[in-house]
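Topology and contacts: notes
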Amino acid sequence: NAGVTQTPKFQVLKTGQSMTLQCAQDMNHEYMSWYRQDPGMGLRLIHYSVGAGITDQGEVPNGYNVSRSTTEDFPLRLLSAAPSQTSVYFCASSYSRADEHEQYFGPGTRLTVT
Amino acid sequence: GNSVTQMEGPVTLSEEAFLTINCTYTATGYPSLFWYVQYPGEGLQLLLKATKADDKGSNKGFEATYRKETTSFHLEKGSVQVSDSAVYFCALRASGSARQLTFGSGTQLTVLP
């Protein structure tokens, strides 16, 4: 199993550009989520999905879109990048949100918006 | 709302020293509590968890006890190693239908040989 994979590892965007951060998992997990990690703030939930075709907003959803057309993939779209979106983005997946099912994190995408 | 407060870092210790990283939480109901570790350049990994009051989670020599009376989940290790250098995050998962993870701000630990 590759686990949770994310691409790209690094990205630099100009303000106003759009892009998609890719996330895939090969563990047949139903639950997937996107977090952003900022210094001194821990991880904050952007969007999550409890299964194919079902998504919902987390704590900081503004400026981001998601879709879940397959169980494996959960891309995160930045519609019009802003410097405030400079961050490290982590995708995570788990079998469910039950406590006995560990959440697995990808290696992260470091995004800089100039 | 739910929140997690961790002791401010960074923490620097010598090898074989005793480690405590404090974590307190605010939540309604009966949350589950977690410690995650992030090694340089990697994603977070679950270190240990406790799902009810007085439970003790343990893994790789680390321990934490779920104390409902003090709303705390402090991380301890009796003798740290250089390989324990990482960022440690305390987190809670609230009870109820949403059950999202809420993270603390993280504590950077550096262990010197």
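Now for a look at the structure at hand. Think of each chain on its own: its residues are numbered from 1, step by step along the sequence as written. Chains carry letters and ligands carry numbers; both start at the beginning, A for chains and 1 for ligands, and go up in the order they are written. Owing to the predicted nature of the model, reporting of local features is limited to residues with pLDDT of at least 70; listing and counting of side-chain atom pairs is limited to 80 or more, with chain, interface and lining totals taken over all residues. In computing side-chain properties, one takes all heavy atoms of the structure into account and sets aside hydrogens as well as water.

Remarks on the sheet that holds strand β3 (residues 19-25) of chain A
Residues and elements named next belong to chain A. At least two bridges found by DSSP between two strands are what make those strands a pair. Strands here mean DSSP runs of E at least two residues long; helices mean DSSP runs of H or I at least four residues long; both are numbered from the N terminus. Taken together, four strands build an open sheet; the order of strands is β1-β3-β8-β7 and the sheet is antiparallel. Both outer strands of the open sheet, β1 (4-7) and β7 (64-66), are each paired with one neighbouring strand and no more. Between one strand axis and the next, the sheet turns through 20° on average, direction left out of account. As defined by bridge partners, β1 adjoins β3 across four bridges and the pair is classed as antiparallel. Counted as the bridge partner of Thr7 is Gln22 from β3. Convention adopted: a line fitted to C-alpha atoms gives each axis, helices being fitted over their contacting stretch, and angles between N-to-C directions are expressed from 0 to 180 degrees.

Some points on the layout of surface pockets
With a 1 Å grid laid over protein atoms only, a set of points is called a cavity when a 1.4 Å probe fits there but cannot get out and a pocket when it is open yet has protein on both sides within 12 Å along at least five of seven lines; lining residues have an atom within 4 Å of a point. Grid points are joined across faces, edges and corners, and a volume is the space filled by probe spheres set on the points. The volume enclosed by the largest pocket comes to roughly 740 Å³. In terms of lining residues, the largest pocket is bounded by 34 residues, among which Gln37(A), Val88(A), Arg110(A), Gln38(B) and Val87(B) are the most central. Across the lining of the largest pocket, the residue classes tally to 13 nonpolar, 16 polar and five charged. Approximately 220 Å³ is the volume attributed to the second largest pocket. Three classes are used: nonpolar for Ala, Val, Leu, Ile, Met, Phe, Trp, Tyr, Cys and Pro, charged for Asp, Glu, Lys and Arg, and polar for all others, with Gly counted as polar.

Considering the interface of chain B and chain A
Any two residues having at least one pair of non-hydrogen atoms within 4.5 Å are treated as being in contact. Across the contact, 21 residues belong to chain B and 19 residues belong to chain A. Once two parts are joined, some of their accessible surface, as seen by a 1.4 Å probe, is lost; buried area is that loss totalled over both. Here chain B and chain A share an interface that buries about 1600 Å² over both sides, 46% of which is from carbon and sulfur atoms. Considering only the side of chain B, the residues that lose the most area to chain A are Leu44(B), Gln100(B) and Phe103(B), jointly responsible for 30% of the buried surface there. By definition here, a salt bridge exists when the distance from a side-chain nitrogen of Lys or Arg to a carboxyl oxygen of Asp or Glu is within 4 Å. Counting across the chain B and chain A interface gives zero salt bridges. Side-chain atoms alone can form a polar contact between residues adjacent in sequence; in general such a contact is a pair of N or O atoms within 3.5 Å, and within protein one must be able to donate a hydrogen while the other accepts it. Here chain B and chain A share one residue pair in polar contact (both at pLDDT 80 or more) between them. Of all the secondary-structure elements, those providing two or more residues to the side of chain B that touches chain A are β5 (32-38), β6 (44-50), β10 (86-93) and β11 (101-103) of chain B. Broken down by element, the side of chain B that touches chain A gets its largest block of residues, four residues, from β5(B). Looking at the side of chain B that touches chain A residue by residue, the class counts come to eight nonpolar, nine polar and four charged.

Quick look at the state of the cysteines
All names here are of chain A. In this description, the term disulfide denotes a pair of cysteine sulfurs within 2.5 Å. Summed over the entire model, instances satisfying the criterion amount to two disulfides over all chains. Each disulfide pairs two cysteine sulfurs, and for Cys23 the partner residue is Cys91, the sulfurs being separated by 1.8 Å. Of note, the bridge from Cys23 to Cys91 carries an S-S torsion of about -70° and is left-handed in sense. Of this pair, Cys23 sits in strand β3 while Cys91 is found in strand β9 (residues 87-94), placing the two residues 68 residues apart along the sequence.

What about the nonpolar core?
Residue and element names in this part refer to chain B. Of all hydrophobic cores here, the largest spans 27 residues; its most connected members are Trp35, Leu47, Leu48, Phe73, Leu75 and Tyr88. Among the elements of the structure, β2 (11-14), β3 (19-21), β4 (23-26), β5, β6, β8 (62-65), β10 and β12 (107-112) are those that each provide at least two residues to this core. Sort the elements by how many residues they give to this core and β10 lands first, with four residues. Dropping the residues within four chain positions of it, Leu48 is found in contact with Leu33, Phe34, Trp35, Gly57, Ser58, Asn59, Phe62, Glu63, Ala64, Phe73 and Leu75. Put simply, buried Ala, Val, Leu, Ile, Met, Phe, Trp, Tyr and Cys residues joined by side-chain atoms within 4.5 Å make one nonpolar core. A 1.4 Å probe rolled over the protein chains alone gives each residue an accessible area, and that area as a share of the maximum for its type sets the label: buried under 20%, exposed over 50%, partly exposed in between.

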